[in-house]
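The primary structure of each chain is shown beneath.
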Amino acid sequence: MEAPLSEALEKFVILETGDERGEFAALLLAMLGAEVIKIEGRGGAESRRIGPFLSRAGRTQSLHFARYNLGKKSLRLDFEQPQVAEVRERLASLVDVIVDSGEASVIDRRLKLYRAMRSVNPGLIVCTLTPFGLTGPYRDLKMTDLTQLAMGGVMASCGYDPSPDGKYDTPPIAPAMWQACHIAGAHAVLAILAALHFREITGTGDLIDLSIHETVSNCTEVAIPSYIYNRAVVQRQTGRHAAEHPTRPWLRRTADGRYVKAFMFWSRHEARVIGEMLTEAGIEHDLHSEEYKQLCERSPSAAHSHLNELVDRLAASMTSEELFHKAQAKGLLWASVRTPEENLADPHFVARGTFQSIDSPAAGRPLNFPASVATDGAKPLTRFKSGAPELGEHTREVLLRLGLDSTKIDRLIMDDTLAKV
Amino acid sequence: MEQRNRPFPLEGIRVIDLTKIVAGPNATRMLASMGAEVIRVEWHDQRALDLLRMLRPSVPGGAPDSVNRSGLFNNLNAGKYGITLNMSLPQGRDLFKRLIAKAAVLCENYSPDQMEKWGLGYSELKQINPGLIYLQITGMGKSGTYNAYRSVGPTAQALSGLTHMSGLPEPMPPAGWGYSYLDHSTGYFGAILVLAALMNRRRTGQGCYIDLSQTETGLMLSGTAILQAQATSKPTERYGNRMPFTDWAPHGAFRCRGNDEWIAISVQNDEQWAQLVELMGSPAWARSSRFARAADRKAQEDELERLLSEFTKVHDRYELMEQLQRRGIPAAAVQNAADRCERDPQLKSRGYFTPLPQSEIGTWPVEEFPAKTESTPLSVGGPPGRAAPLLGEDNDYVYREILGLTPQEIAALREDWVI
């Protein structure tokens, strides 16, 4: 009986102290079973004010907060105040990892506190996520998810075909949503887990200085090698890979006005099975003819253009979902272009337990959240223990656990160093 | 240099790597950066050779049929060892089992049922090595109703919703991702799950099977779209470069001077807007009350963007970025790879590229693991301290030192086309 990975990190306590840029990293650690304590200041985390909201009018009940803070505990605390030095010191002994995020100048201030905490607990691992890292000429630039994707090279590869004269009349596109935070968050977790393994061997903690810019830059596939090795700059194209030279389309409009992504190698085998599909759809074609075979040999480019037109006709003859399943049955690597939510009721993802119904106070009712990317062959490997916390929901619980007595906790609350709990 | 004297975090962890293209190799690349001994297993035929070895970009020159000159392969497979092994022969599969017996992790992204066809599924391999962590990466996921469906990164991106979400609103088609984002991301998640499973194994001694789905990874990265759709019963829409969930406006990419040069500007509040108006020389349209408040700018984004573009289009993107940043406005040049390699002073100052030797093409820059640590050694060159292996470059090391074969046995296996 294998231990599910939702318990893999259960012995570790994570303190999350930063802004929305670090929330995805801490979310993944919670998904793997770590106890994540989120520090929130007087007004609560800024991400409680990031939409979408359950109610547009009230700007409360942030679905953003509900999604990115699953399974975490909320400790309302003015973390940097001198009055809570004792709390910080006790936290230092409790926690294994601190995940902080924000602008480098803000992190600089808190690093002094972390160094003091590391003197209490040399095994403490501190990971900071900042726009450019803690060093370098750009470290203090102000950034958002959009500008990170611009600077890091993702946008230069995403967008639409140029006009026939070769000039772009549409802008580069930043794919939705919060992808710079996702990319940085995944890298932060990788580095944290590496540091935890290192600590298992050596007992030594660490300070991990993670630059969102570098992580985004590291996630652009062929763009960097194309330039390094061939001095080529890839050009963005509609719905397919950016490339040195124009390539044929992948997106096909289907009969229901939607799209299928028809990824192709333009092989003879593909032409043959597409011919079978055309026949089954009652569409005349010559893909199985001697003439087409000769065309392939004489002029592959002309043959591909011809096949390209026939794929368009095939797509126009049925819905995107019909084409997706029929193509897959023939071994083609095609898929319907779905909205994310269309997968909620798909039997495949239902069978895999991809989504977890969680009663989140922020949402007001149970919602299905993506909670797993893998199974053990039968059931999902990860799950969240709870929904996102109310502001300060676990303040008293955490402080009692730190060994503070109720009188002291009450006094801190009266001082307004902690809030009403 | 000091870090080289310390143990890698995955010191002593051996990973057998049966992966190809990007998703699997990216997972094992991360593990190699942490010091795992990653052994790539390949063979000379089309099915078992990584397609990337034959694709551009490649280093010019060399033998015309060389499979060791691909730049992307070199970048993605740095820090690994490489062997040849003919898995279609019973002797090859026997050797593979011997390797599994001496490994901690197996990563593979073959077609979903290939390993079972060879009699090398998890249930068989677990008999050989109960502590084995087996990461299998497929497009949809091995279990479930799509277990026979085939996929590459773009297929999974389409199904997961990531393609639909990226681009300008209807009637424009989706722009999608201009590369296999889900190959990268699935690689990260694969490595994360293996690292977590290794933690489990430290505690319990047990291995596990990880059936990782690229499409599920895409769903994990779809932000709040799924929640919003459930809450509002409205389908997810595209919104270009705008930020519909805040009052941030203008928020987009604006044309600058030059050929296809752009700047991304992200105004988050009225103070930043006031700074932008001043920078533009306070033109009448910008001083107009209709754009004074964030909510009003948001409501008139089409017009706002058109007018702002008139300003940006005569400016150099880097000069404008500097001016905007000086006023505290988030702004960034849209950088392509040439910009990042040649111009970006930040990447240079942080040592983003590491020069690593490769035995045929020499020393080239490779993208480093993107984090700086005080203690934990992380290095893209991994234990061998080099870029990608040549095909079969480490046969002698693996078969002699790890499996203990004699030179005569190795020669015989070569003769029989097994290795």
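Residues numbered from 1 in each chain as written. Chains lettered and ligands numbered in written order. Predicted model: local features only at pLDDT ≥ 70, side-chain atom pairs only at ≥ 80, totals over all residues.

Things to note about the overall build of chain A
Rules: Every helix listed is a DSSP run of H or I at least four residues long, and every strand listed is a run of E at least two residues long, numbered separately from the N terminus. Think of it as a crowd count around each C-beta: if 20 or more other C-beta atoms lie within 10 Å the residue is buried, if 12 or fewer it is exposed, and in between it is partly exposed, with C-beta placed from the backbone throughout.
The helix and strand inventory of chain A stands at 16 helices and 16 strands. Overall, the C-alpha framework of chain A stretches about 90 × 50 × 45 Å when taken along its three principal axes. Here chain A, with 421 residues, has 56% of them falling under the buried criterion.

Considerations on the overall build of chain B
Heads up, the condition is: Residues are scored as being in contact if the C-beta atoms we place from backbone atoms lie within 7 Å.
A count of helical and extended segments in chain B gives 19 helices and 12 strands. A principal-axis box enclosing the C-alpha atoms of chain B has dimensions of 85 × 50 × 45 Å. In chain B, which comprises 419 residues, the share counted as buried stands at 58%. For chain B, the share of sequence-separated contacts (at least 6 apart) that also reach a separation of at least 24 residues comes to 69%.

Considerations on the domain arrangement of chain B
By a widespread convention, an interface's size corresponds to the accessible area lost as its parts come together. What counts is decided by this rule: Segment limits for the domains were obtained from an automatic or database-derived domain assignment.
Partitioning chain B into structural domains gives domain 1 (2–220 + 348–415) and domain 2 (251–339). Each of domain 1 of chain B and domain 2 of chain B has a C-alpha centre, and these two points are 43 Å apart.

Considerations on the sheet that holds strand β12 (residues 259–262) of chain A
All names here are of chain A. Stated formally: In short, DSSP must find at least two bridges between two strands for them to pair. In this analysis an axis means a line fitted to C-alpha atoms, helices contributing only their contacting stretch, and an angle means the value between N-to-C directions, from 0 to 180 degrees.
Strand order in the open sheet made by the 3 strands is β11-β12-β13, with antiparallel pairing throughout. Both edges of this open sheet fall to β11 (251–253) and β13 (334–336), since each of them pairs with a single strand only. Each neighbouring strand pair of the sheet contributes to a mean axis angle of 25 degrees, computed without reference to strand direction. Pairing of β11 with β12, which is carried by 3 bridges, proceeds in the antiparallel orientation. Paired with R253 across the two strands is Y259, which belongs to β12. Across the sheet, helix α13 (residues 320–329) is in contact with β12 and β13; its angle to β13 comes to roughly 155 degrees.

A word on the environment of B:G121
With respect to the helices, strands and loops of the structure, B:G121 is situated in the loop between α4 (114–117) and α5 (122–128). In the structure, B:G121 is positioned 53 residues away from B:P174 in sequence and 38 Å away in space, judged by C-alpha atoms.

With respect to helix α9 (residues 223–230) of chain A
With 7 of its 8 residues buried, α9(A) lies for the most part within the structure. Turning to α9(A), its buried residues are A:A223, A:I224, A:P225, A:S226, A:Y227, A:I228 and A:Y229. Looking at the buried residues of α9(A), the elements they touch are α6 (154–157) and β10 (240–243) of chain A together with α2 (71–76), α16 (337–342) and β11 (362–367) of chain B. Looking one or two residues beyond α9(A), the residue adopting positive phi is A:R231, at roughly 50 degrees.

Describing the nonpolar core
What counts, and what does not: Here, a nonpolar core denotes buried Ala, Val, Leu, Ile, Met, Phe, Trp, Tyr and Cys residues that are linked to one another through C-beta atoms within 7 Å.
In terms of nonpolar packing, the biggest core is built from 251 residues, with B:L135 and B:I192 touching the most fellow members. Considering each element in turn, this core owes the most residues, 15 residues, to helix α7 (residues 179–202) of chain A. Beyond its immediate chain neighbours, meaning those up to four positions away, B:I192 contacts A:L28, A:A186, A:V189, A:L190 and A:L193.

Some thoughts on the pairing of strand β8 (residues 206–211) of chain A
Burial runs high along β8(A): 6 of the 6 residues are buried. Side chains of β8(A) alternate between two faces, with A:D206, A:I208 and A:L210 and A:L207, A:D209 and A:S211 buried alike. Across 6 bridges, the pairing between strand β7 (residues 125–130) of chain A and β8(A) is parallel. Within β8(A), the position partnered with A:I125 by the bridge is A:D206. The pairing of β8(A) with strand β12 (residues 371–373) of chain B spans 3 bridges and is antiparallel. Paired with A:D209 across the bridge in β12(B) is B:K372.

What about the interface of chain A and chain B?
Worth spelling out the cut-off: For this scheme, ten residues count as nonpolar: Ala, Val, Leu, Ile, Met, Phe, Trp, Tyr, Cys and Pro. Four count as charged, namely Asp, Glu, Lys and Arg, and the remainder, Gly too, count as polar.
At the junction of the two partners, chain A supplies 128 residues and chain B supplies 127 residues. Here the side of chain A that touches chain B gets 14 residues from one element, more than from any other, and that element is α7(A). Looking at the side of chain A that touches chain B, its residues break down into 74 nonpolar, 40 polar and 14 charged. Sheet topology places strand β16 (residues 374–375) of chain A next to strand β6 (residues 208–213) of chain B; 2 bridges connect them, and they run antiparallel. Across the sheet, the residue bridging to A:T375 is B:D211, located in β6(B).

Here we look at the pairing of β11(B)
Note: strand β10 (residues 353–358) of chain B against β11(B), 6 bridges, orientation antiparallel. Counted as the bridge partner of B:T354 is B:V366 from β11(B).

Notes on the sheet that holds strand β1 (residues 14–18) of chain B
Spatially, β16(A)-β6(B)-β5(B)-β4(B)-β1(B)-β2(B)-β3(B) is the arrangement adopted by the 7 strands of the open sheet, whose pairing is mixed. The two strands at the open ends of the sheet, each matched to only one other strand, are β16 of chain A together with β3 (81–84) of chain B. Note that β1(B) and strand β2 (residues 37–42) of chain B share 4 bridges and pair parallel. Counterpart to B:I16 in the pairing with β2(B) is B:I39. Each of β16 of chain A together with β4 (105–108), β5 (133–138) and β6 of chain B is contacted by helix α8 (residues 181–204) of chain B, which is oriented at about 160 degrees to β5(B), the strand it contacts most.

What about unusual backbone geometry?
The peptide bond linking A:G51 to A:P52 adopts the cis configuration, its omega dihedral lying at 5 degrees. Residue placement: A:P52 occurs in the loop between β2 (35–40) and β3 (53–55). Within the chain, B:I21 stands out as a residue other than glycine whose phi angle is a positive 60 degrees. Its location among the elements puts B:I21 in the loop between β1 and α1 (23–33).

What to know about the packing of helix α1 (residues 23–31) of chain A against α7(A)
Residue and element names in this part refer to chain A. This is how it is decided: For classification purposes, an angle smaller than 35 degrees is called roughly parallel, one larger than 145 roughly antiparallel, one from 65 to 115 roughly perpendicular, and anything else oblique. What makes a crossing left-handed is the near helix being turned counterclockwise from the far one by less than a right angle; a clockwise turn instead makes it right-handed.
Put simply, α1 and α7 touch, their axes get as near as 7 Å, and they point 50 degrees apart. The orientation of α1 relative to α7 falls into the category oblique. α1 and α7 meet at a crossing whose hand is right-handed. From α1, F24, A25, L28 and L29 reach across to α7, where they touch C181, H182, G185, A188 and V189.

Comments concerning the environment of B:G35
Residue and element names in this part refer to chain B. Turning to its location among the elements, G35 is positioned in the loop between α1 and β2. The spatial distance from the C-alpha of G35 to the C-alpha of P384 is 9.2 Å, given a sequence separation of 349 residues. If we skip the residues at most four places from it in the chain, G35 touches F8, P9, L10, E11, P377, G382 and P383.

Some details on the packing of helix α11 (residues 290–298) of chain A against helix α12 (residues 300–316) of chain A
Residue and element names in this part refer to chain A. The contact between α11 and α12 brings their axes to 5 Å, and the two run at 130 degrees. Here α11 is positioned oblique relative to α12, judged by the angle of their axes. Between α11 and α12, the residues in contact are Y292, L295 and C296 and P300, A302, A303 and H306, respectively. In the contact of α11 with α12, the residues fall into 6 nonpolar, 1 polar and no charged.

A closer look at the confidence of the model for chain B
Stated formally: As a per-residue measure, pLDDT reflects the predictor's confidence and takes values from 0 up to 100.
Looking at chain B as a whole, the pLDDT averages 96, with 99% of positions reaching at least 70. Across the interface, the model reports ipTM at 0.98; the global pTM reads 0.97.

With respect to the environment of B:R201
Residues and elements named next belong to chain B. By secondary structure assignment, the location of R201 is in helix α8. We classify R201 as buried; it has 21 C-beta atoms within 10 Å. Sequence-wise, R201 and A104 are 97 residues apart; in three dimensions their C-alpha atoms are separated by 9.6 Å. Not counting residues up to four positions away in its chain, the partners in contact with R201 are G131, I133, Q206 and G207.

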